[in-house]
Amino acid sequence: MLQTLVHYSLHLLAPGLIAWVFFRENWLKAWLIMLLTMLVDLDHLLATPIFDPERCSINFHPLHSYWAIGAYFALFFVPKLRVVAVGLLFHMLTDFIDCHW
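Residues numbered from 1 in each chain as written. Predicted model: local features only at pLDDT ≥ 70, side-chain atom pairs only at ≥ 80, totals over all residues. Heavy atoms only, no water.

A. Examining the nonpolar core more closely. Counting residues in each nonpolar core, the largest one holds 8 residues, listed as Ala 14, Ile 18, Ala 19, Ala 30, Met 34, Val 83, Val 86 and Phe 90. Breaking this core down by element, the ones donating at least two residues are helix H2 (14-22), helix H3 (27-36) and helix H5 (82-99). When sequence neighbours within four positions are dropped, the list of residues in contact with Val 83 reads Phe 23, Ala 30, Ile 33 and Met 34. Listed in part, the 6 residues of the second largest apolar core include Ile 58, Ala 68, Tyr 72 and Leu 88. (Core = buried A, V, L, I, M, F, W, Y, C linked by side-chain atoms within 4.5 Å. Buried < 20%, exposed > 50% of the residue type's maximum accessible area, 1.4 Å probe, protein only. Helix = DSSP H or I, 4+ residues; strand = E, 2+ residues; numbered from the N terminus. Contact = heavy atoms within 4.5 Å.)

B. Examining the side chain of His 11 more closely. By the secondary structure assignment, His 11 is in helix H1 (residues 2-12). Given a relative accessible area of 5%, His 11 falls into the buried group. A distance of 3.2 Å separates polar atoms of two side chains, one belonging to His 11 and the other to Asp 95. With near-sequence residues (within four places) excluded, His 11 lies in contact with Leu 35, Met 38, His 91, Thr 94 and Asp 95. (Polar contact = N/O pair within 3.5 Å; in protein donor to acceptor, adjacent residues only side chain to side chain.)

C. Looking closely at the packing of aromatic side chains. Evaluation of the coordinates by the stated rule reveals 4 aromatic pairs. Their ring planes at 80° and their centres at 5.6 Å tell us that Trp 20 and Trp 27 sit as a pair that is edge-to-face. In this structure Trp 27 comes out as partly exposed when scored by relative accessible area, which is 30%. Between Trp 27 and Trp 31, the ring centres sit 6.0 Å apart and the planes meet at 25°, which makes this aromatic pair stacked. (Phe/Tyr/Trp six-rings, centres within 6.5 Å; stacked < 30°, edge-to-face > 60°.)

D. Looking closely at the state of the cysteines. Counted according to the given criterion, the structure contains 1 disulfide. There is a disulfide in this structure between Cys 56 and Cys 99, and the S-S distance comes to 1.9 Å. Its torsion about the S-S bond being 85°, the disulfide of Cys 56 and Cys 99 is classed as right-handed. Placement of Cys 56 in the loop between H3 and helix H4 (66-75) and of Cys 99 in helix H5 is noted, with a sequence separation of 43 residues between them. (Disulfide = S-S within 2.5 Å.)

E. Seen up close, the packing of H3 against H5. Interhelical geometry of H3 versus H5 gives an angle of 50° and a closest axis separation of 8 Å. Compared by their axis directions, H3 and H5 come out oblique. Along this stretch, H3 crosses H5, giving a crossing that reads as right-handed. Across the interface between the two elements, Ala 30, Ile 33 and Met 34 of H3 pack against Val 83, Val 84, Val 86 and Gly 87 of H5. Grouping the constituent residues of the contact of H3 with H5 by class yields 6 nonpolar, 1 polar and no charged. (Axes fitted to C-alpha atoms, helices over the stretch in contact; angles between N-to-C directions. Parallel < 35°, antiparallel > 145°, perpendicular 65-115°, else oblique. Left-handed = near helix turned anticlockwise from the far one by under 90°. Nonpolar A, V, L, I, M, F, W, Y, C, P; charged D, E, K, R; others polar.)

F. A look at the packing of H2 against H3. Interaxial distance between H2 and H3 falls to 8 Å at its minimum, and their mutual angle equals 145°. Once H2 is placed against H3, the crossing between them reads as right-handed. Contacts between H2 and H3 involve Pro 15, Gly 16, Ile 18, Ala 19 and Trp 20 on the former and, on the latter, Trp 27, Ala 30, Trp 31 and Met 34. Considering only residue class, the contact of H2 with H3 consists of 8 nonpolar, 1 polar and no charged.

So, in structure tokens, the structure goes:
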């Protein structure tokens, strides 16, 4: 229960805090963009079963692979895509934390 609460708080509320601290002038837009990066979880639909609480998403699902994470890191250096990159990288961090819970 606690793990689920922490996981979804990090996915939903923490991006709002990140947006408020780092993108204050457009924090609401930044938060919404970061929430939209959760669409990266669509790759879970390729797995059987779709949801497995014991499975680590990192390097299992295609959009959670090390290659994808490297691409998200590269996006950070493109100013217009920085908010997207932050959202994707924080999503990966959240899933990584989940792997070690």
